[in-house]
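Residue-level listing of the chains:
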Amino acid sequence: MDISVVVPLYNEAESLPELAAWIGRVMSANGFSYEIIFVNDGSTDDSWEVIRRLREADPAHVRGVSFRRNYGKSPALNTGFGMAQGDVVITMDADLQDSPDEIPELYRMIREEGYDLVSGFKKKRYDPLSKTIPTKLFNATARKVSGIKNLHDFNCGLKAYRKAVVKHIEVYGDMHRYIPYLAKLAGFHKIGEKVVQHRARKYGKTKFGLDRFVNGYLDLATLWFTGRFGKKPMHLFGLLGSLMFFLGFISVAVVGGMKLWHMHSGAPYTLVTDSPYFYLALVLMLLGSQLFLAGFVGELVVRNSPKRNDYEIEETI
């Protein structure tokens, strides 16, 4: 099979027939063998009934799965990735803001240019400034942290993947925003971008609020940490703990040495415990010890993880 189109959705009953027909026209015009996988994320409208009807009308191309409740876009994508059978997997939103006309070029970039992942870039957007400005800041931060300098729109729902990519990454929580980063951490480094059309929403309303930007930064910090120190937590906690303990120890030694010097020279002196630096030094030593122990605990967790020796092997001969 050439292409699997994974469509996560929540309360998009109005747009689904039009989207399925549009995808079908594009596939037929280009001679692609394909499947459309609708992942109903606990919709409260008639979305699942619409998917049932689409499946009955075209069982050769339409598949569907429905969650009992709303879990979020990442679990929906992860489920769709598990079901996908196509050599190239395309993801798009169900609200008709992503154009299926982009599919042939995305497919070509994966198959002919050898990209592992191609992310859409909605250069011209039909969104208010309250959304576009935070989005630009968010993407700039993601580029800096992930090291993927050529992507301008990490959160674009329209993406294309080589099949191996979606079978080797796990999309969880709200990590769908960082699928290119997840792919890079899994060893897929040929990541490209294509400028795509952003269409105005035709039905319904957006499902995302401004809280996604706060959550997005927290998720990015999590990915950065697990990517760099997930298998070696002692390298972070042990280093920070050692530095803090060393600074605290030196500070205590300086405070105590200054008192001894004053006593030896006959100069006026105060109790060590009267100095605020003594307590700051103790805090540094305590925090340093705790961080060092946290590193040990992290190493024990990693050591006992059943996936501690799971490595991405590309080829064996």
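The present account deals with the structure reproduced in this document.

So, how was this worked out
- Residues numbered from 1 in each chain as written.
- Predicted model: local features only at pLDDT ≥ 70, side-chain atom pairs only at ≥ 80, totals over all residues.
- Heavy atoms only, no water.
- Core = buried A, V, L, I, M, F, W, Y, C linked by side-chain atoms within 4.5 Å.
- Buried < 20%, exposed > 50% of the residue type's maximum accessible area, 1.4 Å probe, protein only.
- Helix = DSSP H or I, 4+ residues; strand = E, 2+ residues; numbered from the N terminus.
- Pairing = 2+ DSSP bridges.
- Axes fitted to C-alpha atoms, helices over the stretch in contact; angles between N-to-C directions.
- Contact = heavy atoms within 4.5 Å.
- Polar contact = N/O pair within 3.5 Å; in protein donor to acceptor, adjacent residues only side chain to side chain.
- Left-handed = near helix turned anticlockwise from the far one by under 90°.
- Nonpolar A, V, L, I, M, F, W, Y, C, P; charged D, E, K, R; others polar.

## Quick word on the nonpolar core
One finds Ile3, Val5, Phe38 and Ile90 to be the most contacted residues of the largest nonpolar core, which totals 35 residues. Mapped by element, the contributors of at least two residues to this core are strand E1 (3–9), helix H1 (16–30), strand E2 (34–40), helix H2 (47–57), strand E4 (88–91) and helix H4 (103–111). If you tally residues by element for this core, the top one is H1, at seven residues. Counting residues in each nonpolar core, the second largest holds 33 residues, with Phe81, Tyr161, Met175 and Leu182 among its members.

## Structural notes on the sheet that holds E4
Taking strand neighbours across the sheet as the criterion, the seven strands line up as E3-E2-E1-E4-E6-E5-E7 in an open arrangement whose pairing is mixed. At either end of the open sheet lies a strand with only one pairing partner, and these are strand E3 (62–66) and strand E7 (191–195). The average undirected angle you get between the axes of adjacent strands in this sheet is 20 degrees. Bridge count for strand E5 (residues 117–121) against E7 is five bridges, and the pairing is parallel. Each bridged residue has a counterpart across the sheet, and for Ser119 the counterpart in E7 is Glu193. Across the face of the sheet, H1 comes into contact with E1 and E2 while running at roughly 160 degrees to E2.

## A look at the side chain of Arg177
Looking at the secondary structure, you find Arg177 in the loop between helix H6 (163–167) and helix H7 (179–185). In this structure the side chain of Arg177 is engaged in a polar contact, spanning 3.3 Å, whose partner is the backbone oxygen of Asp174.

## Description of the packing of H1 against H2
The geometry of H1 relative to H2 is characterised by a closest axis approach of 10 Å and an angle of 35 degrees between their N-to-C directions. In this structure, H1 crosses over H2, and the sense of that crossing is right-handed. Of the residues in H2, those in contact with Leu16, Pro17 and Ala20 of H1 are Ser47, Val50, Ile51 and Leu54. Looking at the contact of H1 with H2 residue by residue, the classes come out as six nonpolar, one polar and no charged.

Purely geometric numbers; function is a separate question.
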